[in-house]
Amino acid sequence: MTPTSADPVLAGENLLTDNPALYERTFPDNGERNARFVHDLVTRFADTATDSRRLLDIGAGTGRDAARLADLGYAVSAVDISARMVAYARAKYPDLTVTVGDARDIVVAAPVDVVTCLGSTLLHLHDTADIVAALTRFAACLRPGGVLILEMRNGAFLLTDRGRRELLDHESVRTIAWEGVDYTSRTSLSIDLPAQLLRRRRVWTWDGCGTPVAQDTAWRLLFPRELRYLLDLSGFEVLALFDRPGPLTEPAWPGDGVLGDALDGDRLHVVARRRGATAVEVVA
């Protein structure tokens, strides 16, 4: 699965998820940061009825966060929509249970205590109906009182001068050396107001690629009040909604332990509890 100048994998809309080893080279994180974030929030907000150790990680990518959470004692199962990411995670972490799945139709064999969905995974669903479908499935995977932890971009950040300046006013250029090849990406962001999307165009070049590879993706822009409503609609009670600190903020988690409620930062973090009225669907 390691890309080369002669034959990189171009299976979909994202060179990095098509090539998990290049993804990990581009984002050299061992998962400990996200795992601590999740564990601290579970410790702080989960009820005391159980030890809250059964965890489902949705949008698991290469499995780094799930593996670190397993190291912390969680019984982890993980899901990602990319078959290549799942194959990579299975090979790298053979003790993990990792499956290919879509957030909108996930089912579990038995309800879990914690569901995590980090890294703006939810925002790759652009239609409100799809977001509600995913959140409803998250609730259905949880036992009554179970906890959902979300981490994503904050749509409200783009209402600030700083947000528009940092995200929209420049093209970012990055070169990643991997397996003897320099991969250069040029990334620009724009707002699609009618669709309520933050669109990204990323153009890749590398020695031997010939024509540059242009790839377009987007995140749905969700605002804090809107997200609260969608969570309530899907069977959740919001316990905490904050912009900082978090695993991708400065200062990073845990900071001073105070959860910031200005909600004008780049990241949005949610802890929500599944209400008991939501029916749980399981598979035999």
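Calculation criteria
- Residues numbered from 1 in each chain as written.
- Predicted model: local features only at pLDDT ≥ 70, side-chain atom pairs only at ≥ 80, totals over all residues.
- Heavy atoms only, no water.
- Helix = DSSP H or I, 4+ residues; strand = E, 2+ residues; numbered from the N terminus.
- Contact = heavy atoms within 4.5 Å.
- Polar contact = N/O pair within 3.5 Å; in protein donor to acceptor, adjacent residues only side chain to side chain.
- Pairing = 2+ DSSP bridges.
- Axes fitted to C-alpha atoms, helices over the stretch in contact; angles between N-to-C directions.
- Core = buried A, V, L, I, M, F, W, Y, C linked by side-chain atoms within 4.5 Å.
- Buried < 20%, exposed > 50% of the residue type's maximum accessible area, 1.4 Å probe, protein only.
- Phe/Tyr/Trp six-rings, centres within 6.5 Å; stacked < 30°, edge-to-face > 60°.
- Lys NZ or Arg CZ within 6 Å of the ring centre and 35° of its normal.
- Disulfide = S-S within 2.5 Å.
- Salt bridge = Lys/Arg side-chain N within 4 Å of Asp/Glu carboxyl O.

**Considering the environment of Asp-243**
Part 1: One can find Asp-243 in the loop between strand 10 (236–242) and strand 11 (267–274).
Part 2: Residues Asp-243 and Asp-71, spaced 172 residues apart in sequence, show a C-alpha to C-alpha distance of 27 Å.
Part 3: If sequence neighbours within four positions are ignored, Asp-243 has contacts with Thr-249, Gly-260, Asp-261, Ala-262, Leu-263, Asp-264, Gly-265, Arg-267 and His-269.
Part 4: A polar atom in the side chain of Asp-243 sits 3.1 Å from the backbone nitrogen of Asp-264.
Part 5: A polar contact of 3.1 Å, which involves the side chain of Asp-243, links it to the backbone nitrogen of Gly-265.

**Overview of the environment of Ala-177**
Part 1: When you line up the elements, Ala-177 lands in strand 6 (residues 172–178).
Part 2: Taking the C-alpha atoms as reference points, Ala-177 and Asn-30, separated by 147 residues in sequence, lie 19 Å from one another.
Part 3: Discounting residues that sit within four places of it in the chain, Ala-177 has contacts with Arg-25 and Asp-182.

**Some points on the sheet that holds strand 7 (residues 181–192)**
Part 1: Here we have 4 strands laid out as an open sheet, ordered 6-7-8-9, and antiparallel in their pairing. The strands lining the two open edges of the sheet, one partner per strand, are strand 6 and strand 9 (213–220). Taken over all neighbouring pairs, the strand axes of this sheet differ in orientation by 25° on average, direction set aside.
Part 2: Where helix 7 (residues 161–168) meets the sheet, its contacts fall on strand 7 and strand 8 (197–205), and the angle it forms with strand 7 comes to roughly 140°.

**Overview of the nonpolar core**
Part 1: In terms of nonpolar packing, the biggest core is built from 41 residues, with Leu-122, Phe-138 and Leu-150 touching the most fellow members.
Part 2: Elements represented by at least two residues in this core include exactly strand 1 (54–58), strand 4 (112–117), helix 6 (128–141), strand 5 (142–153), helix 8 (224–233), strand 10 and strand 11.
Part 3: Ignoring sequence-local partners within four residues, the contact set of Leu-150 consists of Cys-117, Leu-118, Leu-122, Leu-135, Phe-138, Leu-231, Leu-268, His-269 and Val-270.
Part 4: Leu-55, Ala-66, Ala-67 and Trp-253 belong to the second largest nonpolar core, which has 29 residues in total.

**Some details on the sheet that holds strand 2 (residues 75–80)**
Part 1: The mixed open sheet is built from 7 strands, whose spatial order is 3-2-1-4-5-11-10. Edge positions in the sheet fall to strand 3 (97–100) and strand 10, since each of these pairs with one other strand and no more. If you compare each strand with its neighbour and ignore which way they point, the axes differ by 20° on average.
Part 2: Strands strand 5, strand 10 and strand 11 of the sheet are contacted by helix 8, whose axis makes an angle of about 155° with strand 10.

**As for the packing of aromatic side chains**
Geometry of an aromatic ring pair is reported as the spacing of the ring centres plus the angle between the planes.
Part 1: Enumeration over the complete set of coordinates arrives at 4 aromatic pairs.
Part 2: Arranged with centres 5.2 Å apart and planes meeting at 90°, the rings of Phe-37 and Trp-253 form a pair that is edge-to-face. With a gap of 216 residues between them, Phe-37 in helix 3 (residues 32–45) and Trp-253 in the loop between strand 10 and strand 11 connect regions that are remote in the sequence. For the pair shown, Phe-37 and Trp-253 are each scored as buried.
Part 3: With a centroid separation of 5.4 Å and 40° between ring planes, the pair formed by Tyr-183 and Trp-206 is classed as tilted. In this pair, Tyr-183 sits in strand 7 while Trp-206 sits in the loop between strand 8 and strand 9, placing the two residues 23 residues apart along the sequence.
Part 4: Through a chain of ring-to-ring contacts, the aromatic side chains of Phe-37, Phe-242 and Trp-253 assemble into a single cluster.
Part 5: Here the guanidinium or amino end of Arg-153 rests over the ring plane of Trp-219, the centre of that ring lying 4.4 Å away.

**Focus on the state of the cysteines**
Part 1: Taken as a whole, this structure holds 0 disulfides when the rule is applied.
Part 2: Residue Cys-117 stays outside any disulfide, its sulfur separated by 11 Å from that of Cys-141, the closest cysteine.
Part 3: Overall, the relative accessible area of 2% leaves Cys-117 in the buried class.

**Side note on the pattern of salt bridges**
Part 1: Counted under the stated rule, the structure contains 20 salt bridges.
Part 2: One salt bridge connects Arg-64 with Glu-24, and the closest N-O pair in it is separated by 3.7 Å. In this pair, Arg-64 sits in helix 4 (residues 64–71) while Glu-24 sits in helix 2 (residues 20–26), placing the two residues 40 residues apart along the sequence. Assigned by exposure class, Arg-64 and Glu-24 land together as buried.
Part 3: Each of Asp-47, Arg-54, Asp-113 and Arg-143 takes part in a single network of salt bridges with overlapping partners.

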